[in-house]
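Chain residues, written in single-letter form:
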Amino acid sequence: MKNLECRAAAFGARRLYGDTLRSNEAMIALARKSGFALTNNPDDWKLVRVEKQINVAREDIPCASWRIAAEQAALQATV
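Position numbers for residues start from 1 in each chain and track the written sequence from start to end. Two thresholds apply to this predicted model, a pLDDT of at least 70 for residue-level local features and 80 or more for giving and counting side-chain atom pairs, whereas whole-chain, interface and lining totals are computed over all residues. For the side-chain quantities, the full set of heavy atoms in the structure was used; hydrogens and water were omitted.

Trainee: Account for the overall build of the protein, naming residues and giving values.
Mentor: Per the secondary structure count, the protein includes three helices and three strands. The secondary structure listing takes helices from DSSP runs of H or I that are at least 4 residues long and strands from runs of E that are at least 2 residues long, numbered from the N terminus. Going residue by residue from the N terminus, the α and β elements of the protein occur as α-β-α-β-β-α. Residues counted as buried form 28% of the 79 residues belonging to the protein. We call two residues in contact when some of their heavy atoms are within 4.5 Å. Residue pairs in contact within the protein that sit at least 24 positions apart in sequence constitute 58% of those at least 6 positions apart. Accessible areas in this description were obtained via Shrake-Rupley with a 1.4 Å probe; residue shielding takes into account the shown protein chains only. About 5700 Å² of surface is accessible on the protein, with carbon and sulfur atoms providing 53% of the total. Only protein chains enter the accessibility calculation, which uses a 1.4 Å probe; a residue is then buried when its area is under 20% of its type maximum, exposed when over 50%, and partly exposed in between.

Trainee: So, the side chain of Arg 49: which residues are in play, and what are the values?
Mentor: Relative to the helices and strands, Arg 49 is located in strand 3 (residues 47–53). Polar contacts, as used here, are pairs of N or O atoms within 3.5 Å; protein pairs need one atom able to donate a hydrogen and one able to accept it. Residues neighboring in sequence count only if both atoms are side-chain atoms. Among the polar contacts made by the side chain of Arg 49, one reaches the side chain of Asp 19 at a distance of 2.8 Å. Ignoring anything within four residues of it in the chain, the contact list for Arg 49 reads Tyr 17, Gly 18, Asp 19, Ala 37, Leu 38, Thr 39, Asn 40, Asn 41 and Pro 42.

Set out below in structure tokens:
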């Protein structure tokens, strides 16, 4: 999950969210452990929505490989 967060931050995402079955206890536990908030899915009572804000500047991305990719993408965008 941490690698997914790093990659999302590197590409400028500000939040991650997804849906999982309410019965998927392993995914719900992983989401909680990773700091995701859980809410009801607005369209299907069988699903739980997991969501997390990503408040990290590109230069502060903790995984170096994605930080480098973000810096390179930012450079290319200015050209």
